[in-house]
Amino acid sequence: MPLKQNAWLVGVSLQVLFFILFFGAILPEMNNIIGAFVCFVIGLLSLFLGIKSLKQHFQPVLSLIVIAIAILILLFTLYAYFTTEAGIPPAILQ
């Protein structure tokens, strides 16, 4: 398998891992600091791999979809773990 396909495939695999953690109810069971770190790393790695795949001109539409989902994962992580709600401290501090 060429290197171009590996970057795109690893990015998609990381995003599938995130969705398994989220919808499998594994993420809420984790420590908040570890959960935030795992989500942030998954989002950053898949973003970098999507950009790398886009620069290599391999499946540009699918690479853009990987980039968009990675950005949504990062935004979700920032919102879920680092915002306050009605005077309650952020989840990362609990």
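Look up a bit, the structure's there.
Not measured: the values here are computed from a predicted model.

Visitor: What is the right way to read a nonpolar patch on the surface from this model?
Guide: On the surface, a nonpolar cluster with roughly 560 Å² of combined accessible area is contributed by F40, I71, L72, L75, L78 and F82. In terms of residue count, helix α3 (residues 60–82) provides more of the nonpolar patch than any other element does, 5 residues in total. Relative to the assigned elements, L78 resides in helix α3. L78 sits in the partly exposed class, given a relative accessible area of 41%.

Visitor: Sorry, what's going on with the packing of aromatic side chains here?
Guide: The way to describe two aromatic rings as a pair is by their centre distance and the angle between their planes. Enumeration over the complete set of coordinates arrives at 6 aromatic pairs. On the numbers, 5.0 Å between centres and 80° between planes, the contact of F22 with F23 is edge-to-face. Ring geometry for F22 against F76: centres 5.3 Å apart, planes inclined by 80°, an arrangement best described as edge-to-face. Taken together, the residues span a long stretch of sequence, with F22 in helix α1 (residues 3–23) and F76 in helix α3 at a distance of 54 residues. Ring pairing ties together the aromatic residues F18, F19, F22, F23 and F76, which thus form one cluster.

Visitor: Sorry if this is basic, but what is going on with unusual backbone geometry here?
Guide: Glycine aside, residues mostly have negative phi angles, and peptide bonds mostly take the trans form. Positioned with a positive phi, A25 is a non-glycine residue whose angle comes to about 60°. Residue placement: A25 occurs in the loop between α1 and α2 (32–55).

Visitor: Would you mind showing me how to read α2 here?
Guide: Three or four residues apart is the spacing at which side chains of an α-helix point the same way, because the helix has 3.6 residues per turn. Compared with the 34 Å implied by 1.5 Å per residue over 24 residues, the 34 Å span of α2 between its first and last C-alpha is a close match. What α2 keeps buried is the set G35, A36, C39, I42, G43, S46, L47, L49, G50 and S53. With its phi angle positive at about 60°, H57 sits one or two positions after the end of α2.

Visitor: Just checking my understanding: could you explain α3 for this structure?
Guide: With 23 residues, α3 should cover 33 Å at 1.5 Å per step; its first-to-last C-alpha distance of 32 Å lies within 8% of that length. Every buried residue belonging to α3 is among S63, V66, I67, A70, I73, L74, T77 and Y81, and all of these are buried.

Visitor: Where do I start with the environment of S53 in this structure?
Guide: Looking at the secondary structure, you find S53 in helix α2. Along the backbone, S53 and W8 are 45 residues apart, and their C-alpha atoms lie at a distance of 5.7 Å.

Visitor: I keep staring at the side chain of Q15 and nothing clicks. Help me out?
Guide: Note that Q15 resides in helix α1. Not counting residues up to four positions away in its chain, the partners in contact with Q15 are S46, V66, I69, A70 and I73.

Visitor: What exactly am I supposed to notice about the environment of L27 here?
Guide: Here L27 lies in the loop between α1 and α2. The class for L27 is buried, based on a relative accessible area of 5%. Each C-alpha atom of the pair L27 and S13 lies 17 Å from the other, and the pair is 14 residues apart in sequence.

Thresholds, definitions, all that
Residues numbered from 1 in each chain as written. Predicted model: local features only at pLDDT ≥ 70, side-chain atom pairs only at ≥ 80, totals over all residues. Heavy atoms only, no water. Patch = residues over 30% accessible without salt bridge, like charges linked within 9 Å, V, L, I, M, F, W, Y side chains within 5 Å. Areas by Shrake-Rupley, 256 points an atom, 1.4 Å probe, with all protein chains shown as cover. Salt bridge = Lys/Arg side-chain N within 4 Å of Asp/Glu carboxyl O. Helix = DSSP H or I, 4+ residues; strand = E, 2+ residues; numbered from the N terminus. Buried < 20%, exposed > 50% of the residue type's maximum accessible area, 1.4 Å probe, protein only. Phe/Tyr/Trp six-rings, centres within 6.5 Å; stacked < 30°, edge-to-face > 60°. Expected span 1.5 Å × (residues − 1). Contact = heavy atoms within 4.5 Å.

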